[in-house]
Amino acid sequence: MTRRLPEPVHEALTRTFDARLNPDDRPLSAAELQAALRDADALLTTVTDKVTADVLSVEPRRAGLVANFGVGFNNIDIEAAKARGVSVSNTPDVLTDATADLAMTLLLMTARRAGEGERHLRGGQWTGWRPTHMLGTHVTGKTLGLIGMGRIARAVAQRAHHGFGMKVIFHDPFPPSPDIARSLGAEPRGTLEDVLREADFVSLHCPATPETRHLMNQERFGLMRSDAFLINTARGDVVDEAALVQALERKTIAGAGLDVFEKEPQVTQALVAMDNVVLLPHLGSATRETRVAMGMRAFENLQRFFSGQPLLDRVV
Ligand code: DGY
């Protein structure tokens, strides 16, 4: 167990297995991950563990499973794991609602200037109500563009369309069936660029892969409307952070709500200085209920691995 886990998960793991903890709860170094791969039969990792090809090359290796605590697994070199016969599992489904809620939180916060307003009040600058004070952007009836239409994007569409009366458009190379899209009030668009041109809010929901790295680059920011906002609860790598800063500085787009960053936990300082950007510390799945469910899902994968059953959530 590479990081401290919620108590019920910790309890289940230590009751069932000869579990080794990381008492400091800090990200393990490559050498520490290699030591874990050498000594343990299975690892429970998180997004902060960089399980690279080099880390996986350790010899002799004892571990046969890397059970990742998270739906995303871009922290693990999947090809290298596959080549070396190391299984990898993740924790889908259980964090869909929490992450969709956080995407809506960011959308509403950016539109209604909630972070800026709170800083204003706490900073003692509020002089009282007035008709022109801190006007934001209306959300109801606006167009939300989803990049990727997997589980989390669908849960966002459900909230945005049925809860906030938004028009929802999306692009995904593997789209849901027309019936599913219709039930979410979501209309497909032929290209990513079509979505960018039309949306008032663009929310990213694609996995981080070599193909999606810097998907949002200078050219694509240039296609967005100047009054549109970018929301990212997916992975930092999907956005070229330098291009985003430039787009915000040049007012190519109106603002951004970000939960993930290219070099976590470092955040580009220019973003920190911008009032029209809402920044959260990778909280997408951070509810007590969800983090326990994620841990129990990883636990289930570990149990299946140790009892020789097929993994519930096999990545490779
Ligand atoms: C996920 O599940 O992918 C979250 O971002 C935490 O890693």
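Residues numbered from 1 in each chain as written. Predicted model: local features only at pLDDT ≥ 70, side-chain atom pairs only at ≥ 80, totals over all residues. Heavy atoms only, no water.

**Considering the packing of helix α5 (residues 96–112) against helix α7 (residues 151–164)**
One way to put it is that α5 packs onto α7 with a least axis distance of 8 Å and a crossing angle of 55 degrees. If you check the angle between α5 and α7, you find them oblique. Crossing geometry of α5 relative to α7 is assigned as right-handed. Residues T96, D97, T99, A100, D101, A103, M104 and L108 of α5 form the contact with α7, whose own contacting residues are R151, I152, A155, V156, R159, A160 and F164. For the contact of α5 with α7, the per-class residue count stands at nine nonpolar, two polar and four charged. (Axes fitted to C-alpha atoms, helices over the stretch in contact; angles between N-to-C directions. Helix = DSSP H or I, 4+ residues; strand = E, 2+ residues; numbered from the N terminus. Parallel < 35°, antiparallel > 145°, perpendicular 65-115°, else oblique. Left-handed = near helix turned anticlockwise from the far one by under 90°. Contact = heavy atoms within 4.5 Å. Nonpolar A, V, L, I, M, F, W, Y, C, P; charged D, E, K, R; others polar.)

**With respect to the sheet that holds strand β3 (residues 87–89)**
Strand order across the open sheet formed by three strands is β1-β2-β3, with parallel pairing between neighbours. Looking at the sheet topology across the chains shown, the edges are occupied by β1 (42–45) and β3. Taking each pair of neighbouring strands and ignoring which way they run, the sheet shows an average axis angle of 15 degrees. Looking at chain direction, strand β2 (residues 65–68) and β3 are connected through three bridges and run parallel. Considered in β3, the bridge of V66 is made with V88. (Pairing = 2+ DSSP bridges.)

**Quick word on the site of the ligand**
The immediate surroundings of the ligand are formed by V47, G70, V71, G72, L95, R235, H282 and M294. A distance of 2.7 Å separates an oxygen atom of the ligand from a polar atom in the backbone of V71. A distance of 2.7 Å separates an oxygen atom of the ligand from a polar atom in the side chain of H282. For the ligand, whose unbound accessible area comes to 230 Å², protein coverage reaches 89%. (Near = heavy atom within 4 Å. Polar contact = N/O pair within 3.5 Å; in protein donor to acceptor, adjacent residues only side chain to side chain. Areas by Shrake-Rupley, 256 points an atom, 1.4 Å probe, with all protein chains shown as cover.)

**Focus: unusual backbone geometry**
Each neighbour pair has its own omega, and for E59 with P60 the value is -10 degrees, a cis peptide bond. Tracing the backbone shows P60 in the loop between α3 (53–56) and β2. A cis amide bond links E264 to the next residue, P265, at an omega of 5 degrees. Position of P265 relative to the elements: it lies in the loop between β9 (255–258) and α12 (269–272).

**A short note on the environment of A53**
Position of A53 among the secondary structure elements: in helix α3. In this structure A53 comes out as partly exposed when scored by relative accessible area, which is 34%. Remark: the alpha-carbon pair of A53 and A81, spanning 28 residues in sequence, is separated by 7.4 Å. If near-sequence neighbours (up to four positions away) are discounted, A53 is found in contact with D77 and A80. (Buried < 20%, exposed > 50% of the residue type's maximum accessible area, 1.4 Å probe, protein only.)

**A look at helix α6 (residues 114–122)**
Those residues of α6 that sit buried are G115, E116 and H120. Projected down its long axis, α6 shows its buried positions confined to an angular sector of 135 degrees, all on one face. The exposed residues of α6 that point more than 90 degrees off its buried face are L121 and R122. At its buried positions, α6 is contacted by α5. (Arc of directions from axis to C-beta.)

**Notes on the environment of T16**
As for its position among the elements, T16 is in helix α1 (residues 7–16). In the structure, T16 is positioned 35 residues away from V51 in sequence and 25 Å away in space, judged by C-alpha atoms. Not counting the four nearest positions on each side in its chain, T16 is found in contact with F299 and Q303. Here A12 takes part through its backbone oxygen, which lies 2.6 Å from a polar atom of the side chain of T16.

**Some words on the packing of α1 against helix α13 (residues 288–306)**
Axis separation between α1 and α13 bottoms out at 8 Å; the angle between their running directions is 20 degrees. Accordingly, the angle class assigned to the pair α1 and α13 is roughly parallel. Note on packing geometry: the crossing formed by α1 with α13 is right-handed. Contact residues: P8, V9, A12, L13 and T16 in α1; R291, V292, G295, M296, F299, L302 and Q303 in α13. The residue makeup of the contact of α1 with α13, split by class, is eight nonpolar, three polar and one charged.

**What to know about the sheet that holds β9**
Spatially, seven strands are ordered β6-β5-β4-β7-β8-β9-β10 in an open sheet, and the strand pairing comes out parallel. Since the sheet does not close on itself, it has two edges, and those belong to β6 (186–188) and β10 (277–279), each with one partner. Here the average twist between neighbouring strands, direction ignored, is 20 degrees. As judged from the five bridges shared by strand β4 (residues 143–147) and strand β5 (residues 167–171), these two strands associate in the parallel manner. Among the inter-strand pairings, G145 is bridged to a residue of β5, identified as I169. In the packing of α5 onto the sheet, contacts are made with β4, β7 (201–204), β8 (229–232), β9 and β10, and the angle to β8 comes to roughly 150 degrees. α7 rests against β4 and β5 of the sheet, and its axis sits at about 175 degrees to β4.

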